[in-house]
Amino acid sequence: MIAEAGLAALWLAAAMALFQLALGALALGRGRQSLGSAMVPVTLVQAALVSIAMACLIAVFARSDMSVLLVASSSNPAMPMLYKVAGSWGNHEGSMLLWVTILGIAGATIALFESKLRADTKLATLAAQGAIALGFYAFLLFSSNPFARLTDMVEPQGLNPLLQDPGLAFHPPTLYAGYVGMSAAFSFAVGALVTRNVGSDFAGAMRPWILGAWIFLTVGITAGSYWAYYTLGWGGWWFWDPVENASLMPWLAATALLHSVTVLATRDGLRAWTVMLAVLAFSMSMVGTFLVRSGILTSVHSFAVDPRRGIFILALLAIYIGGALALFAARIGTVTEGNRFDMVSREAALVVNNLILTVILVVVMAGTLYPLILEATTGAKISVGAPYFNSVAGPLALILLVLLAAGPLLRWRADLPKLVVERMAPALFAGAAALLLLAIFGGRIGVLPLLGLVVAALVAVASLAPLWKRNLKRTPLFTYGMVLAHLGCAVSIAGMACDAAFTRENMVSMAANDTREVGPFAVTLLGVRERPGPNYQALEAVLSVSRNGGAPFPMMPQLHQFSDPQMTTNEAAIDTFIDGQLYLTLGEDSDGTHFLLRMWWKPFITLIWIGGALIAAGGGLSLLGRVRRDVWNNRWPWQKAGGRKADPAPEGAA
Amino acid sequence: MTRKLILWLPFALIALLFLAFFAGLMRPDDHVIASQMVGKPLPEFVAGPAMPGQPGAATADFSDGKPRLLNVFASWCVPCVQEIPMLLRLRAKGAEIDGIAIHDSSAELEKFLAANGNPYTRIGLDEGGKAQMAFGSAGVPETFVVDGTGKILYQHIGVVTEEDMPKLLAMLGVKP
């Protein structure tokens, strides 16, 4: 019964999405202005209906209703409640429903709270949201119905052991929130193009959505990186795997968009480029999802999916992205050029920032797609590895960071190079000091890590400089957000460079009572024992570790042997110190007495993720500052009768 | 006009990309990875002697007219232990086998060979794994068949098992 109710709600929600699209087309295309007033209620009803559908799906999972195909094939009545609920989006159909649910709620939020935007642009934006949702409803209803009942016996599959982790319960919702935020930005861009209203009010309306989406993507990438680090047992934090790249590409586009939208909102410049980036950021989110979900790229993470579904998603993407780009090409010529600026100005720095981010995006995309293109044309199978990405994207990222140090210290519109250098002086001094210290005490370090550390010192000081000589109480919250996020970049880069420069590795075969060294640590193998786990057999090494001859402490890496599905996973023993992490993994035994141990001493590696958290927190502060200012400026706009209707301001008048 | 064309450029690029995706979807992944090394000459390498009294291996040793096997292994590799009896049987039938030990030491190798047997004519020590990289070998054990002129005929990934024996012997020109 619950499942049928859910399906009915889903059909009705799809009808509402179609209604949204029709309302938009009639009101804007046929001049039936009065129809526009129905848009907000219809959007709200769509959001309510799709939320009901999602709630029904969670309910059938929570009750372990085994007559529903999806529950029977991907859930287990014995699982704890958290995994049962998370299981509702831990599969293809459920995750798509979660996607449209978040999309529907985002549409409702725009309908209720967006008041700065011209009325017709808001109408077109909501119609675009309806069009996106409609495609996904069609996909759910025609090829991935989550509420289908069980007709044949299905073989229940155990969840992949690597994925049985509480973090995975929150990973998909985080990423989807990010992608949906990008879809809102996309809808705003389409709305602005349709109504020829590419200006600062549109940028101001779009900005909180970009910021929110960007925070979610940052959190998703940072958490994903740490998860891969502690769970895979390879001691690495980024592998340039297609799935990782699929999450990095929208982040790069969103970062560029975040900065260009600032220029549009503050100075009314970069109009066409910002619209282009909004389309690009959403395209990258969708292409990323498509690459991961269609199984088109061979990756450790990809799972086999019905190719018909792949074609369906591809067709949807072609309509949305192709349509938006065609609209862009046809309409952007009529958008007047925004305000101009000097070569030395904050706008110019942000343009270069955007260019470098876009080039990095192209580099990552080329590396990710090259194997696909090569196979399609010559049939050869290759994979592109870390050396390509590191050597091409690394130097670009360092240039970007130097720019990041200078950008916030530049004035809008025009600035004097001499004054910029003056403001940069403390940062340049910090960079020089870091270089000197590393030359004396650093030992032999590669060029890229060395530059990374120098740039990190420079950026760390420069990122704080915008607060220099300012009244800290009157400094707006979003300035603090920027400072924190930029500082986070410095911290993260410092962690990456330290990992590359100072990591000590030792791969050894040890018998009981052997002692081997890694960095400042002496590791003694006391013994290896078997420990039964709930659904695996564990081999556990008991190690006694001492740092520089200090008091010994125990560390116990494990090797888990799962039987169903058959798989061996490493459970690394990781000890965190103030100056780094000791990372030990146990391998298979070679003869019953000798055991393979891999040991890493990774100085300051935790800075990578601390930096990521700081970046996300900076985004959070900035969002809070923007939203608070908006709310302050027009308190509770929806309570004013009718809000601001058609704003007569002509285009480009700002 | 040029500006107009430039504005359509993103559209054209994404259309091309989607065409490639469509082609990729139409060609389902068969998960078979053919070796890139087959048919190519054995890459240049020199791996010094690993064991006292047994020569090391180098590219030059593989063009003396006699086809031979090149086995990439290591004393720390568990499946390699399983593979040694197969290699010993191949040798007994007249196959020439040279070994390259990856990330290894003479002391560990000595123990390994004493315990499991020594099927190798030559054993080269590839401490940094450079020779392995040159062969396009990603792990241990792997076995290459090299014809008498120094050309790679076949790359076998993983342990050599009973079923692989006839194929390997045929390629070496040895009667089973």
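About the criteria used
In this numbering scheme, every chain counts its residues from 1 along its sequence in written order. The lettering of chains begins at A and the numbering of ligands begins at 1, in the order of writing. Residue-level local features of this predicted model are given only where pLDDT is at least 70; pairs of side-chain atoms are given and counted only at 80 or more, and the full residue set underlies all totals for whole chains, interfaces and linings. Secondary structure is summarised from DSSP: a helix means a run of H or I of at least four residues, a strand means a run of E of at least two, and numbering begins at the N terminus for each. We compute the radius of gyration over the C-alpha atoms and compare it with the globule rule, which gives 2.2 Å times the number of residues raised to the power 0.38. Buried means a residue has 20 or more other C-beta atoms within 10 Å of its own C-beta, exposed means 12 or fewer, and partly exposed covers the counts in between; C-beta atoms are placed from the backbone. Placing a C-beta atom from the backbone of each residue, one calls two residues in contact when those atoms lie within 7 Å. Paired strands are those between which DSSP finds at least two bridges. By convention, orient the strands away from the viewer: a clockwise path from the first strand over the helix to the second makes the crossover right-handed. By this rule the span expected of a helix is its residue count minus one, scaled by 1.5 Å. Here the limits of each domain have been adopted from an automatic or database domain assignment. Geometry is summarised by axes, namely lines fitted to C-alpha atoms with helices restricted to the contacting stretch, and by angles between N-to-C directions that run from 0 to 180 degrees. Handedness of a crossing follows from how the near helix is turned relative to the far one, being left-handed for an anticlockwise turn of less than a right angle and right-handed for a clockwise one. Any residue outside Ala, Val, Leu, Ile, Met, Phe, Trp, Tyr, Cys, Pro, Asp, Glu, Lys and Arg is labelled polar, Gly included; the first ten of those are nonpolar and the last four are charged. The quantity known as pLDDT measures the predictor's confidence residue by residue, on a range of 0 to 100. Roughly parallel means an angle under 35 degrees; roughly antiparallel means over 145; roughly perpendicular covers 65 to 115; every other angle is labelled oblique.

1. Here's the deal with the overall build of chain A
When its secondary structure is counted, chain A shows 17 helices and 10 strands. Rg of the C-alpha trace for chain A: 27 Å, near the compact-globule value of 26 Å for 654 residues, within the 12% margin. Dimensions along the principal axes, computed over C-alpha positions, put chain A at roughly 85 × 75 × 55 Å. For chain A, the proportion of its 654 residues judged to be buried stands at 47%. Restricting to contacts in chain A with at least 6 residues of sequence separation, those with at least 24 account for 74%.

2. Overview of the overall build of chain B
Looking only at helices and strands, chain B has five helices and seven strands in total. Taking the principal axes of the C-alpha coordinates as reference, chain B spans close to 80 × 35 × 30 Å. If you take every contact in chain B between residues at least 6 apart in sequence, the share linking residues at least 24 apart comes to 75%.

3. A short note on the pairing of strand E4 (residues 97-102) of chain B
Regular strands show a simple pattern: their side chains alternate between the two faces of the sheet. Residue and element names in this part refer to chain B. Of all six residues in E4, six are buried; the element is thus mostly enclosed. Of the two faces of E4, the one lined by Ile 97, Gly 99 and Ala 101 and the one lined by Asp 98, Ile 100 and Ile 102 are each fully buried. The sheet contact formed by strand E3 (residues 68-73) and E4 spans five bridges and is parallel. What sits directly across from Leu 69, in E4, is Ile 97. The β-α-β motif built from E3, the intervening helix H2 (residues 78-92) and the parallel element E4 has right-handed crossover chirality.

4. A word on helix H15 (residues 447-464) of chain A
The end-to-end C-alpha distance of H15 of chain A is 26 Å, a good match for the 26 Å that 18 residues give at a rise of 1.5 Å each. For H15 of chain A, the buried fraction is high: 14 of the 18 residues fall into the buried class.

5. Let's talk about the domain arrangement of chain A
The domain architecture assigned to chain A consists of domain 1 (1-151), domain 2 (196-400), domain 3 (416-502 + 614-619) and domain 4 (504-603). Inter-centroid distance (C-alpha atoms) of domain 1 of chain A to domain 4 of chain A is 48 Å.

6. Here's the deal with the packing of helix H1 (residues 2-29) of chain A against helix H6 (residues 119-143) of chain A
Residues and elements named next belong to chain A. Relative to each other, H1 and H6 sit at 145°, their axes nearing to 8 Å. The handedness of the crossing between H1 and H6 is left-handed. In the contact of H1 with H6, the residues fall into 21 nonpolar, three polar and one charged.

7. Considering the confidence of the model for chain A
Low-pLDDT portions of the prediction should not be read for the details of their coordinates. Residues and elements named next belong to chain A. Per-residue pLDDT for chain A has a mean of 84; in total, 90% of the residues score no lower than 70. Ranking the elements of chain A by mean pLDDT puts strand E7 (residues 566-571) last, at 78, and helix H2 (residues 39-62) first, at 94. A low-confidence stretch, residues 299-304 stays under pLDDT 50, and its non-local contacts, those more than four residues away or across chains, total 12 contacts. Considering only residues more than four positions removed or in separate chains, one finds that residues 637-654, a stretch of pLDDT under 50, has 19 contacts.

8. Some words on helix H1 (residues 2-26) of chain B
Over its 25 residues, H1 of chain B extends 35 Å from the first C-alpha to the last, a length consistent with the 36 Å expected when each residue adds 1.5 Å. Of the residues making up H1 of chain B, those classed as buried are Ile 14, Phe 21 and Gly 24 of chain B.

9. Here's the deal with the packing of helix H13 (residues 386-406) of chain A against H15 of chain A
Residue and element names in this part refer to chain A. Following both chains from N to C, one finds H13 and H15 inclined at 20°, their axes separated by 9 Å at the closest point. Compared by their axis directions, H13 and H15 come out roughly parallel. The element H13 and its partner H15 pack so that their crossing is left-handed. Taken together, the residues of H15 that come into contact with H13 (itself represented by Gly 394, Leu 398, Leu 401, Val 402, Leu 404 and Ala 405) are Leu 448, Leu 451, Gly 452, Val 455, Leu 458, Val 459 and Ala 462. Class assignment for the residues of the contact of H13 with H15 results in 11 nonpolar, two polar and no charged.

10. Some words on the sheet that holds strand E5 (residues 122-126) of chain B
Residue and element names in this part refer to chain B. Spatial ordering of the open sheet is given by E5-E4-E3-E6-E7, a layout of five strands whose pairing is mixed. Taken across any chain shown, the strands that pair with only one partner, and hence form the sheet edges, are E5 and strand E7 (152-157). Between one strand and the next, the sheet's axes are offset by a mean angle of 20°, whatever the strand orientation.

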